[in-house]
Amino acid sequence: MGAKNPRPTLLDVARHAGVSPSTVSRVLNNSATVRERVRERVRASAAILGYQAASHSSTLALKDAVALIIPDILNPYFTEIVRGVQDEAGAGNLLLLLDTAEDSQREHEFLRMLANQPICGVVVCGSRILTQDMVALCSHFNAPMVVINRTLRLPNVACLVTDLKNTTHRATHHLIDLNHSRIAYLTGPSKSEVSLARREGIETALSEAGLALRPEWCPVSFPDVDGGFQAMSALLALPSVNRPTAVIAYNDLMAFGVLHAVRSHHLRVPEDISVIGIDNISMAAHSNPPLTTISVPKHRMGRMAMQVLRRMLDGYPPPEEGYTLFECPLIVRESTAFAPGSNGRSAIEG
(Lines give C-alpha, C1' and ligand atoms only; values in the text may rest on other atoms or scores of the structure.)
Protein backbone atom coordinates (compact mmCIF):
# COMPACT_ATOMS: atom_id res chain seq x y z
CA MET A 1 0.00 0.00 0.00
CA GLY A 2 1.34 3.44 -0.95
CA ALA A 3 2.10 6.09 1.65
CA LYS A 4 -0.70 8.46 2.57
CA ASN A 5 -0.55 12.02 1.31
CA PRO A 6 1.01 14.26 3.96
CA ARG A 7 -1.34 16.43 5.94
CA PRO A 8 -1.52 19.96 4.43
CA THR A 9 0.28 22.60 6.44
CA LEU A 10 -0.34 26.28 7.07
CA LEU A 11 2.49 27.00 4.59
CA ASP A 12 0.65 24.97 1.93
CA VAL A 13 -2.45 27.11 2.47
CA ALA A 14 -0.36 30.30 2.22
CA ARG A 15 1.16 29.18 -1.09
CA HIS A 16 -2.20 28.16 -2.50
CA ALA A 17 -3.82 31.46 -1.50
CA GLY A 18 -0.84 33.55 -2.58
CA VAL A 19 -0.40 35.21 0.83
CA SER A 20 2.10 35.07 3.68
CA PRO A 21 1.89 32.39 6.41
CA SER A 22 1.24 35.12 9.00
CA THR A 23 -1.81 36.28 7.01
CA VAL A 24 -3.17 32.71 7.00
CA SER A 25 -2.60 32.52 10.75
CA ARG A 26 -4.43 35.81 11.34
CA VAL A 27 -7.40 34.70 9.21
CA LEU A 28 -7.75 31.25 10.79
CA ASN A 29 -7.27 32.58 14.32
CA ASN A 30 -9.33 35.72 13.66
CA SER A 31 -6.60 37.60 15.51
CA ALA A 32 -6.29 40.78 13.40
CA THR A 33 -7.97 42.77 10.68
CA VAL A 34 -7.54 41.31 7.18
CA ARG A 35 -9.27 42.48 4.00
CA GLU A 36 -12.43 40.46 3.35
CA ARG A 37 -11.31 39.46 -0.15
CA VAL A 38 -8.06 38.05 1.26
CA ARG A 39 -9.93 36.38 4.14
CA GLU A 40 -12.27 34.58 1.71
CA ARG A 41 -9.35 33.45 -0.46
CA VAL A 42 -7.51 31.98 2.54
CA ARG A 43 -10.59 30.15 3.79
CA ALA A 44 -11.27 28.77 0.32
CA SER A 45 -7.70 27.49 0.01
CA ALA A 46 -7.91 25.86 3.44
CA ALA A 47 -11.13 24.10 2.42
CA ILE A 48 -9.77 22.94 -0.95
CA LEU A 49 -6.62 21.52 0.64
CA GLY A 50 -8.48 20.04 3.58
CA TYR A 51 -6.37 21.95 6.05
CA GLN A 52 -7.26 21.43 9.70
CA ALA A 53 -5.62 23.52 12.36
CA ALA A 54 -4.04 21.65 15.23
CA SER A 55 -5.63 22.04 18.64
CA HIS A 56 -2.83 24.42 19.67
CA SER A 57 -3.09 26.58 16.55
CA SER A 58 -4.08 29.64 18.57
CA THR A 59 -0.64 29.64 20.19
CA LEU A 60 1.67 32.23 18.68
CA ALA A 61 4.82 30.86 17.05
CA LEU A 62 7.89 32.36 15.39
CA LYS A 63 6.01 32.63 12.08
CA ASP A 64 3.73 35.16 13.82
CA ALA A 65 6.68 37.12 15.21
CA VAL A 66 7.65 40.69 14.44
CA ALA A 67 11.24 41.53 15.38
CA LEU A 68 11.77 45.07 16.71
CA ILE A 69 15.39 46.27 16.85
CA ILE A 70 16.16 49.35 18.97
CA PRO A 71 19.50 50.89 20.00
CA ASP A 72 18.79 51.61 23.68
CA ILE A 73 16.04 50.05 25.78
CA LEU A 74 16.82 52.50 28.61
CA ASN A 75 15.95 55.53 26.46
CA PRO A 76 12.25 56.46 26.95
CA TYR A 77 12.10 57.60 23.31
CA PHE A 78 12.47 54.01 22.14
CA THR A 79 10.24 52.51 24.82
CA GLU A 80 7.39 54.75 23.63
CA ILE A 81 7.90 53.45 20.08
CA VAL A 82 7.93 49.89 21.43
CA ARG A 83 4.63 50.58 23.20
CA GLY A 84 3.13 51.86 19.94
CA VAL A 85 4.21 48.74 18.02
CA GLN A 86 2.90 46.52 20.81
CA ASP A 87 -0.45 48.31 21.07
CA GLU A 88 -1.02 47.95 17.33
CA ALA A 89 0.16 44.33 17.22
CA GLY A 90 -2.30 43.33 19.93
CA ALA A 91 -2.66 39.58 20.42
CA GLY A 92 -2.10 38.79 16.74
CA ASN A 93 1.69 38.92 16.68
CA LEU A 94 4.53 37.91 18.94
CA LEU A 95 6.91 40.85 19.46
CA LEU A 96 10.63 40.01 19.63
CA LEU A 97 12.48 42.97 21.17
CA LEU A 98 16.21 43.19 20.39
CA ASP A 99 18.34 45.87 22.07
CA THR A 100 21.66 46.66 20.38
CA ALA A 101 22.96 48.81 23.28
CA GLU A 102 24.18 51.40 20.72
CA ASP A 103 26.49 48.75 19.23
CA SER A 104 26.38 48.72 15.41
CA GLN A 105 28.16 45.35 15.30
CA ARG A 106 25.44 43.81 17.45
CA GLU A 107 22.84 45.31 15.12
CA HIS A 108 24.66 43.67 12.17
CA GLU A 109 24.50 40.33 13.96
CA PHE A 110 20.79 40.64 14.76
CA LEU A 111 19.91 41.45 11.15
CA ARG A 112 22.01 38.60 9.77
CA MET A 113 20.37 36.20 12.24
CA LEU A 114 16.83 37.38 11.45
CA ALA A 115 17.35 37.02 7.69
CA ASN A 116 17.37 33.22 8.20
CA GLN A 117 14.37 33.03 10.55
CA PRO A 118 10.73 32.35 9.53
CA ILE A 119 9.45 35.61 11.06
CA CYS A 120 6.69 37.64 9.43
CA GLY A 121 8.36 41.07 9.58
CA VAL A 122 11.02 43.37 11.03
CA VAL A 123 10.93 46.92 12.42
CA VAL A 124 14.31 48.66 12.77
CA CYS A 125 14.36 51.83 14.84
CA GLY A 126 17.29 54.24 15.16
CA SER A 127 19.74 52.11 13.19
CA ARG A 128 23.42 52.90 13.81
CA ILE A 129 24.62 51.00 10.71
CA LEU A 130 26.03 52.94 7.77
CA THR A 131 23.53 53.33 4.93
CA GLN A 132 25.43 51.19 2.40
CA ASP A 133 25.74 48.37 4.94
CA MET A 134 22.06 48.68 5.84
CA VAL A 135 21.08 48.37 2.17
CA ALA A 136 23.22 45.24 1.81
CA LEU A 137 21.69 43.62 4.88
CA CYS A 138 18.10 44.47 3.95
CA SER A 139 18.54 42.94 0.49
CA HIS A 140 18.78 39.48 2.10
CA PHE A 141 15.35 39.70 3.73
CA ASN A 142 12.30 37.93 2.33
CA ALA A 143 10.10 39.28 5.12
CA PRO A 144 8.89 42.88 4.84
CA MET A 145 10.73 45.52 6.85
CA VAL A 146 9.86 48.94 8.25
CA VAL A 147 12.75 51.26 9.09
CA ILE A 148 12.21 54.27 11.37
CA ASN A 149 14.26 57.42 10.69
CA ARG A 150 16.25 56.07 7.74
CA THR A 151 15.50 56.51 4.03
CA LEU A 152 16.25 53.36 2.04
CA ARG A 153 15.17 52.83 -1.57
CA LEU A 154 14.40 49.11 -1.52
CA PRO A 155 11.30 47.27 -2.79
CA ASN A 156 10.53 45.37 0.41
CA VAL A 157 11.32 48.19 2.85
CA ALA A 158 9.03 51.00 4.08
CA CYS A 159 10.52 54.02 5.85
CA LEU A 160 8.98 56.24 8.53
CA VAL A 161 10.97 59.42 8.99
CA THR A 162 10.67 62.63 10.98
CA ASP A 163 11.25 65.99 9.32
CA LEU A 164 14.84 66.01 10.53
CA LYS A 165 16.28 69.13 8.89
CA ASN A 166 13.26 71.39 9.29
CA THR A 167 12.88 70.59 12.99
CA THR A 168 16.39 71.70 13.96
CA HIS A 169 16.16 74.57 11.46
CA ARG A 170 13.13 75.91 13.37
CA ALA A 171 14.78 75.29 16.74
CA THR A 172 17.88 77.23 15.66
CA HIS A 173 15.79 80.15 14.42
CA HIS A 174 14.02 80.17 17.79
CA LEU A 175 17.41 80.73 19.43
CA ILE A 176 18.47 83.30 16.84
CA ASP A 177 15.23 85.21 17.49
CA LEU A 178 16.33 85.28 21.15
CA ASN A 179 19.58 86.98 20.02
CA HIS A 180 21.80 83.93 20.41
CA SER A 181 24.70 83.90 17.97
CA ARG A 182 26.95 81.34 19.73
CA ILE A 183 24.98 78.14 19.32
CA ALA A 184 26.37 74.63 19.93
CA TYR A 185 25.15 71.21 18.82
CA LEU A 186 25.82 68.07 20.88
CA THR A 187 25.89 65.52 18.09
CA GLY A 188 25.39 62.15 19.76
CA PRO A 189 26.24 59.41 17.22
CA SER A 190 27.88 61.83 14.78
CA LYS A 191 27.95 59.51 11.74
CA SER A 192 24.27 58.57 11.92
CA GLU A 193 21.92 59.79 9.20
CA VAL A 194 19.71 61.39 11.85
CA SER A 195 22.50 63.36 13.49
CA LEU A 196 23.92 64.56 10.18
CA ALA A 197 20.50 65.73 8.97
CA ARG A 198 19.87 67.59 12.22
CA ARG A 199 23.26 69.26 11.97
CA GLU A 200 22.48 70.33 8.40
CA GLY A 201 19.27 72.01 9.59
CA ILE A 202 21.20 73.91 12.27
CA GLU A 203 23.95 74.99 9.86
CA THR A 204 21.41 76.18 7.29
CA ALA A 205 19.58 78.33 9.83
CA LEU A 206 22.84 79.81 11.11
CA SER A 207 24.03 80.53 7.58
CA GLU A 208 20.78 82.36 6.82
CA ALA A 209 21.55 84.63 9.78
CA GLY A 210 25.18 85.17 8.75
CA LEU A 211 26.46 82.84 11.50
CA ALA A 212 28.39 79.58 11.56
CA LEU A 213 28.51 76.40 13.62
CA ARG A 214 32.04 76.23 14.99
CA PRO A 215 33.63 72.74 14.98
CA GLU A 216 34.66 73.10 18.64
CA TRP A 217 30.99 73.61 19.52
CA CYS A 218 30.00 70.19 18.17
CA PRO A 219 31.42 67.70 20.69
CA VAL A 220 30.70 64.01 19.98
CA SER A 221 29.48 61.96 22.93
CA PHE A 222 27.31 58.99 23.84
CA PRO A 223 23.60 59.92 23.44
CA ASP A 224 22.60 59.64 27.09
CA VAL A 225 22.61 61.79 30.23
CA ASP A 226 26.27 61.11 31.04
CA GLY A 227 27.25 61.89 27.46
CA GLY A 228 25.43 65.20 27.60
CA PHE A 229 27.10 66.07 30.89
CA GLN A 230 30.57 65.30 29.55
CA ALA A 231 30.07 67.13 26.27
CA MET A 232 28.68 70.23 27.97
CA SER A 233 31.45 70.18 30.57
CA ALA A 234 33.98 70.29 27.73
CA LEU A 235 32.23 73.37 26.29
CA LEU A 236 32.13 75.07 29.68
CA ALA A 237 35.88 74.54 30.03
CA LEU A 238 36.37 77.03 27.19
CA PRO A 239 37.11 80.70 28.07
CA SER A 240 33.84 82.48 28.81
CA VAL A 241 34.09 84.66 25.68
CA ASN A 242 34.31 81.51 23.53
CA ARG A 243 31.53 79.56 25.17
CA PRO A 244 28.17 79.05 23.43
CA THR A 245 25.18 80.81 24.98
CA ALA A 246 22.76 78.20 23.64
CA VAL A 247 22.88 74.45 23.05
CA ILE A 248 20.82 72.06 20.94
CA ALA A 249 21.27 68.49 22.17
CA TYR A 250 20.88 65.35 20.04
CA ASN A 251 18.12 64.13 22.36
CA ASP A 252 16.40 64.98 25.63
CA LEU A 253 18.62 62.65 27.66
CA MET A 254 21.71 64.56 26.57
CA ALA A 255 19.88 67.81 27.32
CA PHE A 256 19.28 66.61 30.91
CA GLY A 257 23.04 66.07 31.20
CA VAL A 258 23.57 69.61 29.88
CA LEU A 259 21.28 71.04 32.58
CA HIS A 260 23.31 69.22 35.24
CA ALA A 261 26.64 70.38 33.81
CA VAL A 262 25.53 74.02 33.71
CA ARG A 263 24.41 73.89 37.34
CA SER A 264 27.69 72.16 38.31
CA HIS A 265 29.58 75.15 36.89
CA HIS A 266 27.45 77.55 38.97
CA LEU A 267 25.64 78.87 35.92
CA ARG A 268 21.91 79.07 35.23
CA VAL A 269 19.51 77.84 32.56
CA PRO A 270 18.21 79.85 30.76
CA GLU A 271 19.72 83.06 32.18
CA ASP A 272 23.29 82.11 31.18
CA ILE A 273 22.74 79.29 28.68
CA SER A 274 19.61 78.24 26.80
CA VAL A 275 19.04 74.53 26.13
CA ILE A 276 16.91 72.68 23.58
CA GLY A 277 16.41 68.92 23.50
CA ILE A 278 14.88 66.62 20.90
CA ASP A 279 12.17 63.92 21.36
CA ASN A 280 9.86 65.43 24.04
CA ILE A 281 9.99 62.36 26.27
CA SER A 282 7.60 62.53 29.22
CA MET A 283 10.28 63.71 31.68
CA ALA A 284 11.11 66.77 29.56
CA ALA A 285 8.14 68.72 30.93
CA HIS A 286 9.29 68.02 34.50
CA SER A 287 13.01 68.79 34.35
CA ASN A 288 14.42 71.82 36.14
CA PRO A 289 13.70 74.03 34.30
CA PRO A 290 11.11 72.39 32.01
CA LEU A 291 12.87 71.61 28.73
CA THR A 292 12.21 73.29 25.40
CA THR A 293 12.27 70.40 22.94
CA ILE A 294 11.24 69.08 19.55
CA SER A 295 8.22 66.80 19.93
CA VAL A 296 8.50 63.51 18.02
CA PRO A 297 5.25 61.44 17.72
CA LYS A 298 6.87 58.32 19.13
CA HIS A 299 3.84 56.21 20.00
CA ARG A 300 2.13 57.10 16.70
CA MET A 301 5.26 56.13 14.76
CA GLY A 302 5.29 52.74 16.50
CA ARG A 303 1.64 52.12 15.65
CA MET A 304 2.18 53.27 12.07
CA ALA A 305 5.17 50.94 11.71
CA MET A 306 2.99 47.96 12.59
CA GLN A 307 0.14 49.15 10.36
CA VAL A 308 2.45 49.53 7.36
CA LEU A 309 4.03 46.13 8.06
CA ARG A 310 0.63 44.45 8.06
CA ARG A 311 -0.35 46.11 4.80
CA MET A 312 2.84 44.81 3.23
CA LEU A 313 2.08 41.33 4.58
CA ASP A 314 -1.33 41.57 2.92
CA GLY A 315 0.28 42.23 -0.43
CA TYR A 316 0.33 46.02 -0.58
CA PRO A 317 3.60 47.70 -1.61
CA PRO A 318 5.40 50.22 0.65
CA PRO A 319 4.13 53.84 0.53
CA GLU A 320 4.38 55.28 -2.98
CA GLU A 321 7.17 57.68 -2.05
CA GLY A 322 9.02 54.92 -0.21
CA TYR A 323 8.60 56.74 3.09
CA THR A 324 6.07 58.41 5.41
CA LEU A 325 7.05 61.83 6.81
CA PHE A 326 6.11 62.97 10.33
CA GLU A 327 6.18 66.63 11.34
CA CYS A 328 7.67 67.49 14.73
CA PRO A 329 6.69 70.80 16.38
CA LEU A 330 8.94 72.80 18.68
CA ILE A 331 7.60 72.84 22.25
CA VAL A 332 8.83 76.03 23.94
CA ARG A 333 9.22 75.76 27.71
CA GLU A 334 11.41 77.49 30.28
CA SER A 335 14.91 76.32 29.27
CA THR A 336 15.26 78.96 26.52
CA ALA A 337 15.37 82.74 26.93
CA PHE A 338 17.04 85.82 25.48
CA ALA A 339 20.80 85.68 25.20
CA PRO A 340 22.75 87.24 28.10
CA GLY A 341 23.12 90.99 27.64
CA SER A 342 20.35 91.33 25.04
CA ASN A 343 18.01 93.07 27.52
CA GLY A 344 15.11 90.82 26.61
CA ARG A 345 14.71 92.47 23.22
CA SER A 346 14.85 90.67 19.89
CA ALA A 347 17.08 92.03 17.17
CA ILE A 348 14.02 91.80 14.90
CA GLU A 349 12.07 94.10 17.22
CA GLY A 350 14.98 96.48 17.71
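The residue count restarts for each chain, going from 1 along the sequence in the order it is written. Given that this is a predicted model, residues contribute local features only at a pLDDT of at least 70 and side-chain atom pairs are listed and counted only at 80 or more, while totals for whole chains, interfaces and linings are drawn from all residues. Only hydrogens and water are set aside; all other atoms, that is, all heavy atoms of the structure, feed into the side-chain values.

Considering the overall build of the chain
Point 1. Strands here are runs of E lasting at least two residues and helices are runs of H or I lasting at least four, both read from the DSSP assignment and numbered beginning at the N terminus. Helix and strand counts for the chain come out as eleven helices and eleven strands.
Point 2. Counting only C-alpha atoms, the chain reaches 95 × 35 × 35 Å along its principal axes.
Point 3. Contacts between residues were defined by any pair of non-hydrogen atoms, one from each residue, lying within 4.5 Å. For the chain, contacts bridging at least 24 residues in sequence account for 72% of all contacts bridging at least 6.
Point 4. Calculation of accessible area relied on Shrake-Rupley with a 1.4 Å probe; when residues are assessed, cover is drawn exclusively from the protein chains displayed. Surface exposure of the chain reaches about 16100 Å², of which carbon and sulfur atoms provide 52%.
Point 5. Just so you know, the count uses Lys and Arg for positive and Asp and Glu for negative, and it drops His and the chain ends. We put the charge of a Lys on NZ, of an Arg on CZ, of an Asp on CG and of a Glu on CD. For the chain, the centre of its 33 positive side-chain charges and the centre of its 33 negative side-chain charges are spaced 6 Å apart.

Examining the pairing of strand S2 (residues 94-99)
Each regular strand shows side chains that alternate between the opposite faces of the sheet.
Point 1. One ladder, built from six bridges, connects strand S1 (residues 65-70) with S2; its direction is parallel. The partner of Val66 across the bridge, within S2, is Leu95.
Point 2. As a crossover connection, the stretch from S1 through helix H4 (residues 76-89) into S2 is right-handed. In this scheme, strands are said to pair when DSSP sees at least two bridges between them. Seen with its strands pointing away from the viewer, a crossover is right-handed if its path from the first strand over the helix to the second goes clockwise.

Considerations on the layout of surface pockets
Point 1. Empty space within the largest pocket amounts to approximately 500 Å³.
Point 2. As for the largest pocket, its lining consists of 20 residues, and the residues nearest its centre are Pro21, Ile119, Cys120, Asn142 and Ala143.
Point 3. At the level of elements, helix H1 (10-17), helix H2 (21-29) and helix H11 (298-313) are the ones that each hand at least two residues to the lining of the largest pocket. Definitions used throughout: a 1 Å grid over protein atoms alone; a cavity as a set of points that fits a 1.4 Å probe which cannot get out; a pocket as an open set with protein on both sides within 12 Å along at least five of seven lines; a lining residue as one with an atom within 4 Å of a point. Grid points are joined across faces, edges and corners, and a volume is the space filled by probe spheres set on the points.

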